[in-house]
Amino acid sequence: MMFSFFSLLFSACSTPPCECPATDSGISASDTTAMPDTAVDVDSALPSDSGESDEEQSRIASVYLLGGQSNMAGFSQRSGLPPSLRSVQDDVQLYWSGLPGWRGLSPSSPHSSGYGHFTGPEASFGRLVANYYPEKNIHLIKHAVSGTDLYAFWNPGASPDDTSNMGEGYRVFQQTVFDGLAALEAQGFEVRVEGMIWMQGESDASYSPYAAAYQENLQNLIARVREDVATPDMEFIIGKIACTTEMCPDRNIVRLAQDAVAQEDPLVQTIETEDLERNFDDPWHYTGQSMRVIGMRFAEALLGLPQSPLPTPAVQLTGEWRNDYYGNYTVGWSFQLHEPVIVTDIGQIDIELDGLNHDTHLAFWREDTYELIFEGNIPKAASDSTSLLGYFRSTAIDPFLLTPGNYIVGLQSFVDNPDWYVYEAVYTASAEVSHTGYRHSEGSVLAFPWYAGATGETGAWFGPNFWYISP
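Calculation notes
Residues numbered from 1 in each chain as written. Predicted model: local features only at pLDDT ≥ 70, side-chain atom pairs only at ≥ 80, totals over all residues. Heavy atoms only, no water. Helix = DSSP H or I, 4+ residues; strand = E, 2+ residues; numbered from the N terminus. Buried < 20%, exposed > 50% of the residue type's maximum accessible area, 1.4 Å probe, protein only. Contact = heavy atoms within 4.5 Å. Areas by Shrake-Rupley, 256 points an atom, 1.4 Å probe, with all protein chains shown as cover. Pairing = 2+ DSSP bridges. Axes fitted to C-alpha atoms, helices over the stretch in contact; angles between N-to-C directions. Core = buried A, V, L, I, M, F, W, Y, C linked by side-chain atoms within 4.5 Å. Polar contact = N/O pair within 3.5 Å; in protein donor to acceptor, adjacent residues only side chain to side chain. Phe/Tyr/Trp six-rings, centres within 6.5 Å; stacked < 30°, edge-to-face > 60°. Lys NZ or Arg CZ within 6 Å of the ring centre and 35° of its normal. Disulfide = S-S within 2.5 Å. Patch = residues over 30% accessible without salt bridge, like charges linked within 9 Å, V, L, I, M, F, W, Y side chains within 5 Å. Salt bridge = Lys/Arg side-chain N within 4 Å of Asp/Glu carboxyl O. Parallel < 35°, antiparallel > 145°, perpendicular 65-115°, else oblique. Left-handed = near helix turned anticlockwise from the far one by under 90°. Nonpolar A, V, L, I, M, F, W, Y, C, P; charged D, E, K, R; others polar.

A.B. asks: Explain the overall build of the chain to me, please; I cannot follow it from the model alone.
C.D. replies: Of the regular secondary structure elements, the chain holds twelve helices and 24 strands. Classification of the 471 residues of the chain by burial places 57% in the buried group. Relative to all contacts within the chain whose residues are 6 or more apart in sequence, the contacts with residues 24 or more apart total 77%. Summed over its atoms, the accessible surface of the chain is roughly 18100 Å², and 48% of this surface lies on carbon and sulfur atoms.

A.B. asks: How do you make sense of the sheet that holds strand S22 (residues 433–442) when you look at a structure like this?
C.D. replies: Strand pairs in the sheet, formed through backbone hydrogen bonds, run parallel or antiparallel to each other. Spatially, S17-S16-S20-S14-S22-S23 is the arrangement adopted by the six strands of the open sheet, whose pairing is antiparallel. The sheet is open, and its two borders are formed by strand S17 (372–378) and strand S23 (451–454), each paired with just one other strand. The mean inter-strand angle of the sheet, taken between neighbouring strand axes irrespective of direction, is 25°. Bridging between strand S16 (residues 360–366) and strand S20 (residues 405–413) involves five bridges; their strand directions are antiparallel. Bridge pairing in S20 places Arg366 opposite Tyr407.

A.B. asks: What should I look at first to understand the nonpolar core in this one?
C.D. replies: Soluble, globular proteins show a tendency: their nonpolar side chains are buried together. Leu65, Trp198, Leu218 and Phe236 are the most contacted members of the largest nonpolar core, which totals 39 residues. Where this core is concerned, the elements lending two or more residues are strand S1 (60–68), helix H8 (168–186), strand S7 (190–199), helix H10 (214–228), strand S8 (235–239) and helix H11 (251–264). If you look at the next biggest cluster of nonpolar residues, it comprises 38 residues, including Ile346, Leu356, Phe364 and Phe400.

A.B. asks: Help me out: how do you make sense of the side chain of His139 in this one?
C.D. replies: Here His139 shows up in strand S6 (residues 137–144). Within the structure, His139 has its side chain in polar contact with the backbone oxygen of Asn137 (distance 3.1 Å). Beyond its immediate sequence surroundings of up to four residues, His139 is in contact with Ala61, Ser62, Val63, Tyr64, Gln93, Trp102, Leu184 and Phe189.

A.B. asks: What am I meant to see in the packing of aromatic side chains here?
C.D. replies: Where two aromatic rings form a pair, the distance of their centres and the angle of their planes describe that pair. A full pass over the atoms with the stated rule returns 32 aromatic pairs. Between Trp333 and Phe462, the ring centres sit 5.6 Å apart and the planes meet at 80°, which makes this aromatic pair edge-to-face. Placement of the pair is Trp333 in strand S14 (residues 329–337) and Phe462 in the loop between S23 and strand S24 (464–469), with a sequence separation of 129 residues. In this structure Phe462 comes out as buried when scored by relative accessible area, which is 0%. Between the aromatic rings of Trp333 and Phe466, the centroid separation amounts to 6.2 Å while the plane-to-plane angle is 15°, which identifies the pairing as stacked. One end of the pair, Trp333, is in strand S14; the other, Phe466, is in strand S24, with 133 residues separating them in the sequence. Using a relative accessible area of 0% as the deciding quantity, one classes Phe466 as buried. Through successive ring pairs, a cluster of aromatic residues spans Trp333, Phe335, Phe364, Phe374, Phe400, Tyr407, Tyr427, Phe462, Phe466 and Tyr468. In this arrangement the basic side chain of Arg59 is found over the ring face of Phe189, its NZ or CZ atom lying 4.7 Å from the centre.

A.B. asks: Whenever I open this one, the pairing of S20 confuses me. Can you help?
C.D. replies: The side chains of a regular strand alternate, residue by residue, between the two faces of the sheet. Of all nine residues in S20, seven are buried; the element is thus mostly enclosed. In terms of strand pairing, S14 meets S20 through nine bridges, oriented antiparallel. Counted as the bridge partner of Phe335 is Tyr407 from S20.

A.B. asks: How should the state of the cysteines be read in this particular structure?
C.D. replies: Each disulfide consists of a covalent bond between the sulfur atoms of two cysteine residues. Tallied over the entire structure, the rule returns one disulfide. Between Cys243 and Cys248 runs a disulfide, and the two sulfur atoms are separated by 2.1 Å. Here the disulfide of Cys243 and Cys248 is left-handed, its torsion about the S-S bond being about -125°. Across the pair, Cys248 and Cys243 agree in class, each one buried.

A.B. asks: Help me out: how do you make sense of a nonpolar patch on the surface in this one?
C.D. replies: Side chains of Tyr370, Trp450 and Tyr451 sit close together on the surface and give an oily, nonpolar patch of about 400 Å² of accessible area. Looking at the element boundaries, Tyr370 is found in the loop between S16 and S17.

A.B. asks: Can you help me understand helix H7 (residues 122–132) in this one?
C.D. replies: An α-helix turns once per 3.6 residues; consequently, residues spaced three or four apart project the same way. The buried count for H7 comes to eleven of eleven residues, which makes it a mostly enclosed element. Three or more residues of H7 are buried, namely Glu122, Ala123, Ser124, Phe125, Gly126, Arg127, Leu128, Val129, Ala130, Asn131 and Tyr132.

A.B. asks: Whenever I open this one, the packing of H8 against H10 confuses me. Can you help?
C.D. replies: Axis angle and axis distance: for two packed helices, these are the angle between their axes and the distance between the axes, and together they describe the pair. Where H8 contacts H10, the axes come no closer than 11 Å and their chain directions differ by 30°. Here H8 is positioned roughly parallel relative to H10, judged by the angle of their axes. Considering the relative orientation of H8 and H10, their crossing is right-handed. Where H8 approaches H10, its residues Tyr170, Phe173, Gln174 and Phe178 are matched on the opposing element by Leu221, Arg224, Val225 and Asp228. Looking at the contact of H8 with H10 residue by residue, the class counts come to five nonpolar, one polar and two charged.

A.B. asks: What exactly am I supposed to notice about unusual backbone geometry here?
C.D. replies: Glycine aside, residues mostly have negative phi, and peptide bonds are mostly found in the trans state. Trp461 follows Ala460 through a cis peptide bond whose omega is -25°. Within the fold, Trp461 resides in the loop between S23 and S24. In this structure, Glu424 takes a positive phi of about 45° despite not being glycine. Tracing the sequence through the fold places Glu424 in the loop between S20 and strand S21 (427–429).

A.B. asks: Is there a simple way to explain the sheet that holds strand S19 (residues 392–402) in this structure?
C.D. replies: Read across the open sheet, the five strands follow the order S12-S24-S15-S19-S18; overall the sheet is antiparallel. With one partner strand each, in any of the chains shown, strand S12 (312–313) and strand S18 (387–389) form the two edges of the open sheet. Relative to S19, strand S15 (residues 341–349) is paired through eight bridges, and the arrangement is antiparallel. Its bridge partner being in S19, Ile349 is matched across the sheet by Phe392.

What follows is the structure, encoded as structure tokens:
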């Protein structure tokens, strides 16, 4: 079923993976017929008709609220989103406190200049909700502030008129929501607040008195938001915190409080984030890839869908390697794929862990026919922020399906100011992938790597890597 839900994420912003032309996605007509039996058509996952006419639906604004601290505000790399989600999505509207006014959905973070290189969960969350409800007008209202606590900063006060105890965070959130809803009503929409997603708690978990009061304070926040938007049955989804006990001494108290609030209220759910990856040099915040998954999980919780997994790396470096070669080459490796997979991210090795010196083209070929089936770009550090996953800098792509068979993955390498590639590398391959050899060709442009060598106990040339989910 995962293939159908991942297809659903992209069904309105690009052609679904199983229908993409072979020159763009690597999927031929034969690949389509080889889809696993568990795959279902996207339309079959859509909800039934609401009973309202198209004209009635066109005047209803379905609104979702987003609030919290830094991981909601946006500290994750925008390159963790596929290209179709990095640009403006005009069919989903966003009202963000950092750039107020209704506009097309795009990554929004105060840690970039306007719409820049960082994002929160809004892009993948909004896209999945909109694709699940194609007949609805989806609108998001977001306010989040880094390093803030629920105890005081987000304190909503005892009532809508209780401004004496209202914290700055809730005051601005409340005003942002009221302004966004008023603007929709001025446009002639009937407003329906459908739900809220909440990503916060690390600050409270760092101070015991705040942590001890978290459950009561979260219940009060939910009640107040529902009261303010006159929606007593508003759904509320909580992203559980995942900071370590060294960073957040009372993390377990807050996590238990988040679960307890959900257990006591049938309209509240939690999503897990502890299995997701955070930045190696910034353990407070999630990688771009993980933030994409968080946005999807928020949407899936609201929509009653299974939770998306974190994509699997094809290979991981697990021991020593050599990296004393460099030059103008296409370098890569051949592999046998045992099961169908959906490729979601591509990457290049970054041995020094200091970013990439060049924009790099990466490609997949069929080993037996030499057919180029995908080509993408991994940006250098100066042009875009990329997530470091293991020793690889990754960037998301619009996903495509690979069926079982033999393939080659390769990328450009340069003699000047090189980003190193490694050989004689101790590595671990995933269950679906067998590294069968190493490949290269000479030249300063990406080309099919004709020269082949057999793999032994160690692997080469890493170089390229990719991440995938199973259908």
